[in-house]
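A closer look at the structure
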Amino acid sequence: MSGNGLGIGASAYTLTKQKHFRGLVSYVSKVAKMAMDKMAGQVDPRYWIIEMNAARPNYPIPGEDMVKVDSSAVIGPTVARNIGHEVKAVLIDLDENNVKELCSYYHGGIWYQYGEFGAKVLRQRSGIDAHVICGDSSQIILDQEVMTDQQGRQYSERFGYLYVDPNEPRIPLTLLDFFSHQYNRKIDLVINIAATSLKRQGKNLLGVVSPVLACKKKWLIREPEGTHQWTILVGTNWGKVNAWAGQGFYLLDSLEGQDILNRVTKTRKELAAENFQLPLLFTEPMTNISATPNIEQSEQKR
């Protein structure tokens, strides 16, 4: 997507994208809240939100004077807090201007460069404990001091989500190391990506995300939106996962999910030239589809 000079893109699709993101966070954080309440005392009581490309707290919409939309770094923690979570947000970005704006929003202007002053917890804003860092997120997510922060308490597991909205056509392979730890296995993986942009660079969505598919047992994929074919993939270890057809999400190993993956992976010319059929990525049977997510069924051991 087009950039605005501050390491973040905005387009006509931005409002739709953020609306969908808000609904997604509401869904996954509600499922987590039910599980965390049942496992109180056994898991970290905080809901962890990790943003690998946090960007600014809000930004203008092209062609709309004086209209700004909140970024995912504001939407996610706010939605989770309103659901009743104690939120721990780790917001990472390479751009100093983005980080300064995020810190101004959450902390009144306090910020630091990763590696310069070490890891520290900054003060809260409205019940959200946000830790804003300027640096390479692919390395920072492996920093145990930053990414555990158990404050003297020891927990074997935690809930939350890690959000990847890459500016470059790649997904960090350090995610494999991050999710290999027991402490992180209940953290959901959410990837937002523009399939058309990948194709224009000679890449494709399946090739980009394949290395990290092994991080999670189940995946949902959303119907693409806009000319850039924006789509979201959600990886989870929930015991049972249903499609969320009302919001365009389908299991990746279902016929609908495979059809979406086919369309976002192949170019128009490739689709027209061959009757292309992707092999099923998984062998498990297709889960029944419902118009809305079934939280009771989803909230199982992960």
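Look above for the structure.
The sections below set out a description of the structure shown in this document. Note that residues are indexed from 1 along each chain, following the sequence as it is written. In view of the model being predicted, local features appear only for residues whose pLDDT reaches at least 70, and side-chain atom pairs are presented and counted only at 80 or more, with totals across whole chains, interfaces and linings using the full set of residues. Heavy atoms from the whole structure form the basis of all side-chain values; hydrogens and water molecules are not counted.

Brief notes about helix α2 (residues 72-83)
Put simply, the rule is: Starting at the N terminus, helices and strands are each numbered in turn, a helix being any DSSP run of H or I of at least four residues and a strand any DSSP run of E of at least two. For a helix, the expected span equals 1.5 Å multiplied by the residue count minus one.
With 12 residues, α2 extends 16 Å between its outermost C-alpha atoms, agreeing within 8% with the 16 Å of an ideal straight helix rising 1.5 Å per residue. After α2 finishes, the residue G84 shows a positive phi value of roughly 120 degrees.

Describing the side chain of H20
Selection rule: Any residue under 20% of the maximum accessible area for its type is buried, any over 50% is exposed, and the rest in between are partly exposed; the area is computed with a 1.4 Å probe on protein chains only. N or O atoms within 3.5 Å of each other form a polar contact, as long as, within protein, one can give a hydrogen and the other can take it, and as long as residues adjacent in sequence are counted only when both atoms are side-chain atoms.
Note on placement: H20 falls in helix α1 (residues 14-38). Owing to a relative accessible area of 18%, H20 belongs among the buried residues under this scheme. Reaching out from H20, the side chain makes a polar contact with the side chain of R222 at a distance of 3.2 Å.

Quick notes on the packing of α2 against helix α3 (residues 96-107)
Worth spelling out the cut-off: The axes are straight lines fitted to the C-alpha atoms, using for helices just the contacting stretch, and the angles between their N-to-C directions are given from 0 to 180°. Each angle is binned into one of four classes, with values under 35 degrees roughly parallel, values over 145 roughly antiparallel, values of 65 to 115 roughly perpendicular, and all other values oblique. In this scheme the handedness of a crossing depends on how the near helix is turned from the far one: anticlockwise by less than a right angle means left-handed, clockwise means right-handed. The contact criterion used is simple: two residues touch if any of their non-hydrogen atoms lie within 4.5 Å.
The geometry of α2 relative to α3 is characterised by a closest axis approach of 11 Å and an angle of 30 degrees between their N-to-C directions. Taken together, the axes of α2 and α3 lie roughly parallel to each other. For the crossing formed where α2 meets α3, the hand is right-handed. Between α2, through A73, V74 and P77, and α3, the contact on the second element is made entirely by L102, Y105 and Y106.

Re the packing of aromatic side chains
Quick reminder of the rule: Any two rings among Phe, Tyr and Trp, with Trp reduced to its six-membered ring, count as a pair given centres within 6.5 Å; such a pair is stacked if its planes are under 30 degrees apart, edge-to-face if over 60, and tilted if neither. A positively charged side chain is recorded as over a ring if its NZ (Lys) or CZ (Arg) lies within 6 Å of the ring centre. The angle to the ring normal must also be within 35 degrees.
Taken as a whole, this structure holds eight aromatic pairs when the rule is applied. Ring centres of W244 and F249 lie 5.6 Å apart, and the angle between their planes is 20 degrees; on these two criteria the pair is classed as stacked. Its relative accessible area of 10% is what places W244 among the buried residues. Members of the aromatic cluster, each reached through a chain of ring pairs, are F21, Y47, Y161 and Y163. The lysine or arginine in question, R158, covers the ring of W48, its NZ or CZ lying 4.3 Å from the ring centre.

A few points about the pattern of salt bridges
Test applied: In what follows, salt bridge is the name for a side-chain nitrogen of Lys or Arg lying within 4 Å of a carboxyl oxygen of Asp or Glu.
Scanning all chains against the criterion turns up eight salt bridges. One salt bridge in this structure joins D253 and K218, with 4.0 Å as the shortest N-O distance. Of the two residues, D253 is situated in the loop between β11 (249-251) and α9 (255-265) and K218 in strand β8 (residues 218-222); the sequence distance between them amounts to 35 residues. A single burial state applies to D253 and to K218, both of which are buried.

Regarding the nonpolar core
Rules: As used here, the term nonpolar core means buried Ala, Val, Leu, Ile, Met, Phe, Trp, Tyr and Cys residues forming a set that is joined through side-chain atoms within 4.5 Å.
Core analysis: the largest hydrophobic core is formed by 41 residues, its most contacted members being L24, Y47, L91 and Y161. Among the elements that take part in this core, α1 stands out by supplying nine residues, more than any other. Within the second largest apolar cluster, 40 residues are counted, among which are I140, L205, L206 and Y250.

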